[in-house]
Amino acid sequence: MFLFKKKKEVIGIDVGSSSVKLVQLKDNKGSFQLLNIGIIALPQEAIVDNSLMDSASIAATIKNLVSSLGVKSKDVACSISGNSVIIRKIVLPTMPQEELEDQITWEAEQYIPFDINDVNMDFQILSPDSHDPSKMNVLLVASKKDIINDYVAVFNEAGLHLCVVDVDSFSVQNAFEINHDVSADAIVSLINIGASVMNINVVKDGITLFTRDVQMGGNLYTEEIQKQLGISGHDAESGKMLANETNNKPLLDVLIKVNETLIQEIRRSLDFYNSTASDDRITSIYVSGGGSKVYKLIEMITEKTGLPVETINPFAKLKYNEKDFDPEYLQEIGPLMAVPVGLAIRRVGDK
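Computed from a prediction, not measured in an experiment: that's the story for all the values here.

This brings us to the packing of helix α5 (residues 218-229) against helix α6 (residues 233-241). In the contact formed by α5 and α6, the axes pass within 8 Å of each other and the chain directions differ by 120°. Classified by the interaxial angle, the pair formed by α5 and α6 is oblique. Classified by chirality, the crossing of α6 by α5 is right-handed. Every residue of α6 that contacts α5 at Gly-218, Tyr-221, Thr-222, Ile-225 and Gln-226 is listed here: Gly-233, Ala-236, Glu-237 and Lys-240. For the contact of α5 with α6, a count of residues per class yields 3 nonpolar, 4 polar and 2 charged.

This is the structure we're talking about:
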């Protein structure tokens, strides 16, 4: 989604609610080489409802991960999602980028439910409006300054410099676009299922048509297993991860039930998009995130939506030395790494 000139590379660090994931890439004339990759669990409730509740533990976890991988670079890109960010697609009179930069604060006030002085904003001109050629579609993104400041402080405490703040949905889109070939007229829904947030992004030819974050994810499975089977959180998490290798019917029944809850939200979002799009119907779905690996979820999404569903492989076109990176391991963790791969292709100074 984002175009960039040759600029200084960054480390992509995804601070999720359950773990910190890191990817470092090297740009080799348009293709990317994998230099470093790592994932480390966060203490429970270090992040709650997208808020950094235990900054010291998060900073220490990031520092440990960077140190263990021997990463020397200090420049970082991270991303936010859920109630941390506001994304609006708005229609404005057609004007040059420079003119919009001068006017965007005034234009944004009617779309942002906070004092405009309390938010950081960015925008991207998407396309001319199909109904009125004198107007254009603009993607407006905003986050409260105190949220961004929390991330800046955490990375500073870890000895790093936060240079780029992206949005989870767009990071997944970047990872998708450098690894998967789809036709220019294909309309794909990219669904990233994290521990606590599910990001839904409908894209055509690199342009976002619709995006929504749903406040549910992989943790919902763990909580429901705990409640229904009366077991500890640790055992519930293990059960969720190993469900494909068990015949535990009560456990599988819980997972199927939660699958239905998530799919109901997915269908609600896709139906809303389809009802507002003239002829541009979604043609396929690509999933990522740890939640996408849950028992029978992909099969059930296919069945309930009638659309082909694939898992995003964020390493499909990356170059790497098989002596340094086990292909089977990369395939296993691939769904979890779409966000940090998308972040790692950003550059210092990017919009």
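Oppositely charged side chains are able to pair whenever their charged atoms sit close together. All told, the structure shown has 12 salt bridges when counted by the stated rule. Residues Glu-265 and Arg-212 are paired through a salt bridge, measuring 3.2 Å at the closest nitrogen-oxygen approach. Residue Glu-265 is located in helix α7 (residues 249-276), and its partner Arg-212 is located in strand β13 (residues 207-214); the two are separated by 53 residues in the primary sequence. The class of Glu-265 is buried, set by a relative accessible area of 12%.

This part is about a negative patch on the surface. On the surface, a cluster of negative charge is made up of Glu-109, Asp-115, Asp-118, Asp-146 and Asp-150. Mapped onto the elements, Asp-118 comes out in the loop between α2 (97-108) and β8 (119-128). Relative accessible area serves as the criterion here: at 40%, Asp-118 is assigned to the partly exposed category.

On to the sheet that holds strand β9 (residues 135-144), then. Ordered in space as β7-β9-β8, the 3 strands form an open sheet in which the pairing is antiparallel. The two strands at the open ends of the sheet, each matched to only one other strand, are β7 (86-93) and β8. The sheet shows a mean angle of 25° between the axes of neighbouring strands, direction not considered. Pairing geometry for β7 and β9, over 8 bridges, is antiparallel. Bridge pairing in β9 links Val-91 to Asn-137. In the packing of helix α3 (residues 145-157) onto the sheet, contacts are made with β8 and β9, and the angle to β9 comes to roughly 60°.

Before going further, it helps to spend a moment on the sheet that holds strand β1 (residues 11-15). In space, the 5 strands of this open sheet follow the order β3-β2-β1-β6-β10, with mixed pairing throughout. Two strands in the sheet have a free side with no partner beyond their single neighbour: β3 (31-41) and β10 (161-167). Across the sheet, the mean angle from the axis of one strand to that of its neighbour is 25°, orientation sign disregarded. Examined bridge by bridge, β1 and strand β2 (residues 19-28) share 4 bridges and lie antiparallel to one another. Considered in β2, the bridge of Asp-14 is made with Lys-21. Taken strand by strand, helix α1 (residues 55-69) contacts β1, β2 and β3, and its axis lies near 130° from that of β3. Sheet strands touched by α3: β1, β6 (75-80) and β10. Its angle to β6, the strand with the most contacts, is close to 145°.

Overall, the coordinates contain 4 aromatic pairs when judged by the stated rule. Plain terms: the ring middles of Phe-210 and Tyr-273 are 6.3 Å apart, the flat faces sit at 45° to each other, and that makes the pair tilted. With Phe-210 in strand β13 and Tyr-273 in helix α7, this pair connects stretches of sequence that are 63 residues apart. In this structure Tyr-273 comes out as buried when scored by relative accessible area, which is 4%.

This part takes up the side chain of Thr-222. You can see Thr-222 is positioned in helix α5. Residue Thr-222 is classed as buried on the basis of its relative accessible area, which comes to 9%. At a separation of 3.1 Å, a polar atom in the side chain of Thr-222 contacts the side chain of Lys-240. What Thr-222 contacts, discounting residues up to four positions off in sequence, is Gly-233, Ala-236, Glu-237 and Lys-240.

Attention now goes to the packing of α7 against helix α8 (residues 297-305). Packing of α7 against α8 leaves a shortest axis separation of 10 Å and a crossing angle of 45°. On the basis of the axis angle, α7 is oblique to α8. Relative to α8, the crossing made by α7 is right-handed. Of α8, the residues touching α7 (which contributes Ile-256, Asn-259, Glu-260, Ile-263, Ile-266 and Arg-267) are Leu-297, Met-300, Ile-301, Lys-304 and Thr-305. Looking at the contact of α7 with α8 residue by residue, the classes come out as 6 nonpolar, 2 polar and 3 charged.

A separate point is the nonpolar core. Within the largest apolar cluster, 34 residues are counted, with the highest numbers of intra-cluster contacts made by Ile-191, Met-198, Leu-255, Ile-285 and Ile-301. Where this core is concerned, the elements lending two or more residues are β11 (187-193), β12 (198-204), β13, α5, α7, β14 (284-288) and α8. Beyond its immediate stretch of four places on either side in the chain, Ile-285 contacts Ser-189, Ile-191, Leu-270, Ile-301, Thr-305, Leu-307, Pro-308, Val-309 and Glu-310. If you look at the next biggest cluster of nonpolar residues, it comprises 32 residues, including Leu-22, Ala-46, Ile-148 and Phe-170.

Conventions adopted
Residues numbered from 1 in each chain as written. Predicted model: local features only at pLDDT ≥ 70, side-chain atom pairs only at ≥ 80, totals over all residues. Heavy atoms only, no water. Axes fitted to C-alpha atoms, helices over the stretch in contact; angles between N-to-C directions. Helix = DSSP H or I, 4+ residues; strand = E, 2+ residues; numbered from the N terminus. Parallel < 35°, antiparallel > 145°, perpendicular 65-115°, else oblique. Left-handed = near helix turned anticlockwise from the far one by under 90°. Contact = heavy atoms within 4.5 Å. Nonpolar A, V, L, I, M, F, W, Y, C, P; charged D, E, K, R; others polar. Salt bridge = Lys/Arg side-chain N within 4 Å of Asp/Glu carboxyl O. Buried < 20%, exposed > 50% of the residue type's maximum accessible area, 1.4 Å probe, protein only. Patch = residues over 30% accessible without salt bridge, like charges linked within 9 Å, V, L, I, M, F, W, Y side chains within 5 Å. Areas by Shrake-Rupley, 256 points an atom, 1.4 Å probe, with all protein chains shown as cover. Lys, Arg positive; Asp, Glu negative; His and termini not counted. Charge placed at Lys NZ, Arg CZ, Asp CG, Glu CD. Pairing = 2+ DSSP bridges. Phe/Tyr/Trp six-rings, centres within 6.5 Å; stacked < 30°, edge-to-face > 60°. Polar contact = N/O pair within 3.5 Å; in protein donor to acceptor, adjacent residues only side chain to side chain. Core = buried A, V, L, I, M, F, W, Y, C linked by side-chain atoms within 4.5 Å.

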